Amino acid sequence: MELSARIYVAGHRGMVGSALLRRLQQTGYHNLVVRTSQELDLRNQAAVEAFFSLERPDYVLLAAAKVGGIVANNTYRADFLYDNLMIQNNVIKQSHAHGVRKLLFLGSSCIYPKLAPQPIKEEYLLAGPLEFTNEPYALAKIAGLKLCEAYRAQYGCNFIAAMPTNLYGPGDNYDLQTSHVLPALMRKFHEARERNLKAVEIWGTGTPRREFLHVDDLAKACLHLMVHYNEAEPVNIGTGEDLTIKDLAMLIKEVTGYTGAIYYDISKPDGTPRKLLDVSKMQALGWHYSIGLREGIESVYTSTYTQMLTRKGSTKDSITA
Ligand SMILES: NC(=O)c1ccc[n+]([C@@H]2O[C@H](COP(=O)([O-])OP(=O)(O)OC[C@H]3O[C@@H](n4cnc5c(N)ncnc54)[C@H](OP(=O)(O)O)[C@@H]3O)[C@@H](O)[C@H]2O)c1
Ligand SMILES: C[C@@H]1O[C@H](OP(=O)(O)OP(=O)(O)OC[C@H]2O[C@@H](n3cnc4c(=O)[nH]c(N)nc43)[C@H](O)[C@@H]2O)[C@@H](O)[C@H](O)[C@@H]1O
């Protein structure tokens, strides 16, 4: 990608989109195209066509989606399926219609079967039933990666698909009902310490295992793929290491300095028992993560906590959002 190329970052205000924007700017790309969802609702087919006709980007990074944790996915099942299908169908189709040279589609590790062999290889896709709680979202993401594959087969489009593991970092969602586990526990432990609460509630049994990648590492991986990868098959992006939710809670409890008790609400779903990605394909392409989990959690907590103290950043960044 030439530094002068017109690059559209869809979802630039999100956790991933903003990390992509930071990385592109740090790398010297200066012809970047962005729109908020208020300026351009990507579910609106005519509006997306008009946008592409006006802006004619050379490259597209598709990081716009309806995203949330296990309870949000299981609550807003129709919205997670419909919104994500509409967003990706419109952006991928208009990217073809307007001659975009390369598009990166972001899926998720939840596309794989609930009980896939671990670590999960890309070829395990569709080899078994999905996890119920996020099946709508997973089906949308599978449709997105298949649509990229189909445009490549039929029209020769260079549309590639990355499957990131669970992510965290600046700009994460801290709403306790819709967020993912890591930001949720960071907020819960922080507020419990601030309010001197006796105990913190963890959802589920604490036994599921999860892999976590800092979003700045993901952004580097995405740009690496934009430069070095031109194949149809999706590529897993992760650390190749996981831990139990219980151990994650212990780590976040230690980082936040909370000293109270923990209890488990087993009425909440555990979801997939484990979804550790096989990251050998990405390693073969010459990329490896660099931000360790403890280091990443400490840096996110410190920066978010400082922002909250100085009342900076959008409410989304604030622990008390
Ligand atoms: N977070 C994770 O753990 C994780 C893991 C694997 C994969 N991913 C993937 O990474 C991508 C980004 O996730 P994220 O965590 O960055 O999510 P996020 O923080 O919620 O950001 C999502 C972005 O999508 C935009 N958006 C949503 N609906 C839209 C619409 N109708 N029209 C236009 N824009 C819309 C939002 O724009 P506004 O801010 O302007 O409203 C927002 O900036 C998604 O494809 C997700 O599936 C995320
Ligand atoms: C990457 C994302 O993975 C998501 O699955 P998934 O990791 O289970 O989503 P999370 O919401 O991160 O939950 C991971 C695990 O953490 C447990 N957990 C414990 N305490 C909490 C809490 O306070 N909040 C949350 N949110 N979880 C909590 C939760 O029950 C589950 O077993 C998919 O739903 C998305 O679609 C996406 O694919």
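Small disclaimer: the values here were computed from a predicted structure and weren't measured.

Calculation criteria
- Residues numbered from 1 in each chain as written.
- Chains lettered and ligands numbered in written order.
- Predicted model: local features only at pLDDT ≥ 70, side-chain atom pairs only at ≥ 80, totals over all residues.
- Heavy atoms only, no water.
- Helix = DSSP H or I, 4+ residues; strand = E, 2+ residues; numbered from the N terminus.
- Rg over C-alpha atoms; globule rule 2.2 N^0.38 Å.
- Buried < 20%, exposed > 50% of the residue type's maximum accessible area, 1.4 Å probe, protein only.
- Near = heavy atom within 4 Å.
- Polar contact = N/O pair within 3.5 Å; in protein donor to acceptor, adjacent residues only side chain to side chain.
- Areas by Shrake-Rupley, 256 points an atom, 1.4 Å probe, with all protein chains shown as cover.
- Nonpolar A, V, L, I, M, F, W, Y, C, P; charged D, E, K, R; others polar.
- Disulfide = S-S within 2.5 Å.
- UniProt positions renumbered as here; feature names shortened; annotations may be inferred.
- Pairing = 2+ DSSP bridges.
- Expected span 1.5 Å × (residues − 1).
- Contact = heavy atoms within 4.5 Å.
- Phe/Tyr/Trp six-rings, centres within 6.5 Å; stacked < 30°, edge-to-face > 60°.
- Lys NZ or Arg CZ within 6 Å of the ring centre and 35° of its normal.

When you go through the protein residue by residue, the secondary structure sums to ten helices and twelve strands. The C-alpha atoms of the protein give 19 Å as radius of gyration, which agrees with the globular expectation for 321 residues (20 Å, within 12%). Expressed as lengths along the three principal axes of its C-alpha atoms, the size of the protein is roughly 60 × 45 × 40 Å. Evaluated residue by residue, the protein yields a buried proportion of 53% over its 321 residues.

So, on to the site of ligand 1. Around ligand 1 sit 27 residues in total, of which G14, V16, S37, Y137 and K141 are the nearest. In the model, an oxygen atom of ligand 1 is placed 2.7 Å from a nitrogen or oxygen of the S37 side chain. Within the complex, the protein chains bury 87% of what would otherwise be the 900 Å² of accessible surface of ligand 1. Those elements that provide at least two residues to the shell around ligand 1 are α1 (15-27), α5 (135-155) and β6 (166-168).

Bringing the site of ligand 2 into the picture now. Around ligand 2 there are 23 residues in total, and S108, N166, K188, P269 and D270 lie nearest to it. Within the contact set of ligand 2, an oxygen atom lies 2.9 Å away from a backbone nitrogen or oxygen of V181. D270 has a polar backbone atom sitting 2.6 Å from an oxygen atom of ligand 2. In isolation ligand 2 offers 700 Å² of accessible surface; the protein chains occlude 98% of this area. When residues of the shell around ligand 2 are traced back to their parent elements, those giving at least two are α3 (70-75), α6 (181-194) and β7 (199-203). Of the residues belonging to the shell around ligand 2, the class tally is eleven nonpolar, eight polar and four charged.

This next bit is on the state of the cysteines. If you walk through the whole model with that rule in mind, you get zero disulfides. For C148, which is in no disulfide, the shortest distance to another cysteine sulfur is to C157 and amounts to 9.1 Å. What makes C148 buried here is its relative accessible area of 1%. For C157, a relative accessible area of 9% corresponds to the buried category.

Before going further, it helps to examine the UniProt feature "domain: NAD-dependent epimerase/dehydratase" (unreviewed entry) in the protein. Mapped onto this structure's residue numbering, the UniProt feature "domain: NAD-dependent epimerase/dehydratase" (unreviewed entry) falls at residues 7-238. Secondary structure content for residues 7-238 is 43% helix and 16% strand, and the end C-alpha separation is 24 Å.

Quick look at the sheet that holds strand β3 (residues 59-62) now. On the basis of which strands lie adjacent, the open sheet formed by six strands has the order β2-β1-β3-β4-β5-β10 and parallel pairing. In the strand order of this sheet, the two ends are held by β2 (32-33) and β10 (235-237), each with one partner. In terms of strand pairing, strand β1 (residues 7-10) meets β2 through two bridges, oriented parallel. Residue Y8 lies in a different strand from β2, and its bridge partner there is V33.

Here we come to helix α4 (residues 77-97). Given a rise of 1.5 Å per residue, 21 residues ought to cover 30 Å, and the 30 Å separating the end C-alpha atoms of α4 matches this to within 8%. Among the residues of α4, those classed as buried are F80, D83, N84, I87, Q88, N90, V91, I92, Q94 and S95. Those residues of α4 that are buried are in contact with α2 (45-55), β3, α3, β4 (102-106), α5 and β5 (159-164). Directly after α4, the chain includes G99, whose backbone phi takes a positive value near 65 degrees.

Once that is clear, we can look at the environment of I266. One can find I266 in the loop between β12 (261-265) and α9 (280-284). Sequence separation of I266 and G204 is 62 residues, and the distance between their C-alpha atoms is 4.3 Å. Aside from chain neighbours lying at most four places away, what touches I266 is G204 and T205.

Here the structure, examined in full by the defined rule, presents seven aromatic pairs. Residues Y151 and Y155 carry aromatic rings whose centres are separated by 5.6 Å and whose planes lie at 25 degrees to one another, so their mutual orientation is stacked. Of this pair, Y151 and Y155 both sit in helix α5, four residues apart, which is roughly one turn of that helix. Residue Y151 is classed as buried on the basis of its relative accessible area of 12%. Accessibility expressed as a relative area gives 45% for Y155, which makes it partly exposed. Aromatic ring contacts, followed pair by pair, group Y8, F51 and F52 into a single cluster. Residue placement shows R77 over the ring face of F132; its charged tip is 3.8 Å from the ring centre.

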